Amino acid sequence: MINLNTISGLNQGGSYEKKTIKLEYFLDPKILYDKREHKIVLKFLQEIVDKSKSLGIKINIDKSYINLNPINIENENVFELHVRDIVKTCKNPVLIILEKENLDKYYDKLKKIFGGRNSTPTQFVDLDTIKRSDGKGKEAIFLNILLGIYCKSGIQPWVLANNLSADCYIGLDVCRENNMSTAGLIQVVGKDGRVLKSKTVSSNQNGEKIEVKLLKEVVFEAIGAYKDTYNRELKHIVFHRDGINREDLEKLKEITDDLNIKFDYIEVTKNINRRMAMLEKSAENYNCEKENKKWITEIGMCFEKENEAYLITTNPHGKMGMARPLRIKKVYGKQPMEYIIEDIYKLSFMHIGSIMKSRLPITTHYADLSSIYSHRDFMPKNIDTNILHFI
């Protein structure tokens, strides 16, 4: 089923992939031993399971919590020690439900213990959100939580109706925090927009440059992931680089030539000092005084000149004024700019962790998120999977 609206598309057609998944539960001790709030959470969990079933994804209904024994959540050191012991038994993604105060307090610590130390994906929900889910925003709240769970379970809830112009897309980003650089994870995306692989290439980098040996490894990983998914040989790769290219493209060309693979290298820059708008198309607007002319900005607007373009991928609220476009620059390759722009626009609809589309294509958006999560030790040091810990 083809649908441009995430909510209606999921509700009408369900998830693209239909699976049965296992989920474990970690509850805030304050909730676990408060009968009223525990009852609210139990009702919520059953409704989440029922909603997921209607989308074609069955979640185990066994509400066996991994923290049944009393835990002192007031004392940070005691709490962390207990959690380190509990997480050893986890074999599946964990839905963590905490009171808002404790979520703010322990989010980073729990992400490091579950994800960074024990490779266990986690989805967080605070009690206030659960209580709000009885209101008119229930549908959006449930879908966002479920999409987060699906990402942590390696499920692709939707794909593009029409294939992109190349076989495979690779998102590259270097995270810089506290004057340190890491390559983080490389995102490999298939021709229908699905995430084929998140691959750890975390290591200290020379500034913003990603070493050629790592790019070579990524190419090999992409070839394997593409063959496994589509059962055909990969012939064309497009690299999306978050920011300005600093890689040795001649070396990369040598690698791809040896493997008989075409490649294009595209810069996608999100933070630029530009705004875009155009005159509203009407005779009245064209003929009026300059100061009275009406300007509009809308999603999909694009300005292209030679190997560079500016693209608006969001529909800003009226109070925000003119939209901030992405700058797209073809650094290397023969792909027509029209195809490059269209692919980036389509990939901005493939953020499968939320009902809201992203401003960036998922190639660079996910590379950006994953490199930050990796740098903060929120994820395993070594990942080779389609599970998205960083959503």
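Here, residues in each chain are numbered from 1, in the same order as that chain's written sequence. In view of the model being predicted, local features appear only for residues whose pLDDT reaches at least 70, and side-chain atom pairs are presented and counted only at 80 or more, with totals across whole chains, interfaces and linings using the full set of residues. Note that water and hydrogens are dropped before the side-chain values are worked out from all heavy atoms of the structure.

## Comments concerning helix H12 (residues 362–375)
Here comes step 1: Under the DSSP-based scheme used, a helix requires at least four consecutive residues in state H or I and a strand at least two consecutive residues in state E, with every element numbered from the N terminus. By this rule the span expected of a helix is its residue count minus one, scaled by 1.5 Å. Taking 1.5 Å of rise per residue, the 14 residues of H12 would be expected to cover 20 Å, and the 19 Å separating its terminal C-alpha atoms lies within 8% of that figure.
Here comes step 2: Only protein chains enter the calculation, and the probe is 1.4 Å; a residue is then buried if its accessible area is under 20% of its type maximum, exposed if over 50%, and partly exposed in between. Counting buried positions along H12 gives 12 out of 14 residues, so the element sits mostly inside the fold.
Here comes step 3: For H12, the full list of buried residues reads Ile362, Thr363, Thr364, His365, Tyr366, Ala367, Asp368, Ser370, Ser371, Tyr373, Ser374 and His375.
Here comes step 4: Note on H12: the residue one or two positions beyond its end, Asp377, has a positive phi of about 65 degrees.

## Considerations on the sheet that holds strand E2 (residues 24–27)
Here comes step 1: The strand order E2-E4-E5 describes an open sheet built from three strands, whose pairing is parallel. Here the strands that pair on one side only, and so sit at the sheet edges, are E2 and strand E5 (122–126). Between one strand and the next, the sheet's axes are offset by a mean angle of 20 degrees, whatever the strand orientation.
Here comes step 2: Bridging between strand E4 (residues 94–98) and E5 involves five bridges; their strand directions are parallel. Directly across from Ile96, in E5, lies its bridge partner Phe124.
Here comes step 3: Note on contacts: a residue pair qualifies if any of its non-hydrogen atoms lie within 4.5 Å across the two residues. Between N-to-C directions, angles span 0 to 180 degrees; the directions come from axes that are lines fitted to C-alpha atoms, helices contributing only their stretch in contact. This element, helix H7 (residues 138–152), spans E4 and E5 of the sheet and lies at about 160 degrees to E5. Two strands qualify as a pair provided that DSSP identifies no fewer than 2 bridges between them.

## A few points about the environment of Ile272
Here comes step 1: With respect to the secondary-structure elements, Ile272 resides in the loop between strand E12 (262–269) and strand E13 (278–279).
Here comes step 2: Separated by 53 residues in sequence, Ile272 and Pro325 place their C-alpha atoms 7.8 Å apart.

## Considering unusual backbone geometry
Here comes step 1: Located in the positive-phi region is Ser119, a residue other than glycine, with phi close to 60 degrees.
Here comes step 2: Among the secondary structure elements, Ser119 is positioned in the loop between helix H5 (100–117) and E5.
Here comes step 3: Positioned with a positive phi, Asp377 is a non-glycine residue whose angle comes to about 65 degrees.
Here comes step 4: Following the sequence through the fold, Asp377 ends up in the loop between H12 and strand E18 (384–385).
Here comes step 5: Taking relative accessible area as the criterion, Asp377 reaches 33% and is therefore assigned partly exposed.

## Observations concerning the nonpolar core
Here comes step 1: Note on terminology: a nonpolar core comprises buried Ala, Val, Leu, Ile, Met, Phe, Trp, Tyr and Cys residues joined through side-chain atoms within 4.5 Å. The biggest cluster of nonpolar side chains holds 61 residues, and the ones touching the most others in it are Phe44, Ile97 and Ile328.
Here comes step 2: It is H7 that contributes the most residues to this core, nine residues altogether.
Here comes step 3: Apart from residues no more than four positions distant in its own chain, Phe44 is found in contact with Ile97, Val125, Ile130, Ser133, Phe142 and Ile145.
Here comes step 4: Counting residues in each nonpolar core, the second largest holds 23 residues, with Leu214, Leu234, Phe239 and Ile261 among its members.

## With respect to the packing of aromatic side chains
Here comes step 1: Paired rings are identified among Phe, Tyr and Trp, the last through its six-membered ring, by centres lying within 6.5 Å, and are further divided according to the angle between planes into stacked (under 30 degrees), edge-to-face (over 60) and tilted (the rest). Following the criterion strictly, the structure yields 13 aromatic pairs and no others.
Here comes step 2: Residues Tyr226 and Tyr230 carry aromatic rings whose centres are separated by 4.8 Å and whose planes lie at 50 degrees to one another, so their mutual orientation is tilted. Note that Tyr226 and Tyr230 are positioned in helix H8 (residues 212–230) at a spacing of four residues, about one turn of the helix. Grouping residues by exposure puts Tyr226 and Tyr230 together as buried.
Here comes step 3: Centroid distance Phe263 to Tyr332: 4.7 Å. Interplanar angle 20 degrees. Geometry classified as stacked. Separated by 69 residues along the polypeptide, Phe263 in strand E12 and Tyr332 in strand E17 (residues 326–332) bring together distant segments of the chain.
Here comes step 4: Overall, Phe263 belongs to the buried group, its relative accessible area being 5%.

## A few points about the side chain of His351
Here comes step 1: On the secondary structure map, His351 appears in the loop between helix H11 (337–347) and H12.
Here comes step 2: Pairs of N or O atoms within 3.5 Å make up the polar contacts considered here, provided that, within protein, one atom can donate a hydrogen while the other can accept it, and that residues adjacent in sequence are counted only when both atoms are side-chain atoms. Among the polar contacts made by the side chain of His351, one reaches the side chain of Tyr366 at a distance of 2.9 Å.
Here comes step 3: Sequence-distant contacts of His351, that is, excluding residues within four places in its chain, are made with Trp158, Met356, Ser358, Ile362, His365, Tyr366 and Ile391.

## Thoughts on the pattern of salt bridges
Here comes step 1: Whenever Lys or Arg places a side-chain nitrogen within 4 Å of a carboxyl oxygen from Asp or Glu, that contact is recorded as a salt bridge. The tally for this structure, following the rule as stated, stands at 15 salt bridges.
Here comes step 2: Across the salt bridge formed by Glu74 and Lys30, the nearest N and O atoms sit 3.2 Å from each other. Here the residue Glu74 occupies a position in the loop between strand E3 (58–59) and helix H4 (76–86), and Lys30 occupies one in helix H2 (residues 29–32), the gap between them amounting to 44 residues.
Here comes step 3: What makes Glu74 exposed here is its relative accessible area of 52%.
Here comes step 4: Overall, the relative accessible area of 32% leaves Lys30 in the partly exposed class.
Here comes step 5: Taken together, the shared-partner salt bridges connect Lys43, Glu47 and Lys138 into one network.

## Considerations on the pairing of E5
Here comes step 1: Counting buried residues along E5, five of its five residues qualify, which places the element largely inside the surrounding structure.
Here comes step 2: Going residue by residue along E5, you find Thr122, Phe124 and Asp126 tucked away on one face and Gln123 and Val125 tucked away on the opposite face as well.
Here comes step 3: Tracing the backbone out of E4, into H5 and back to the parallel element E5 gives a crossover that is right-handed. Handedness rule for crossovers: strands pointing away from the viewer, path from the first strand over the helix to the second running clockwise, crossover right-handed.

Spatial relationships are all this shows, so hold off on functional conclusions.
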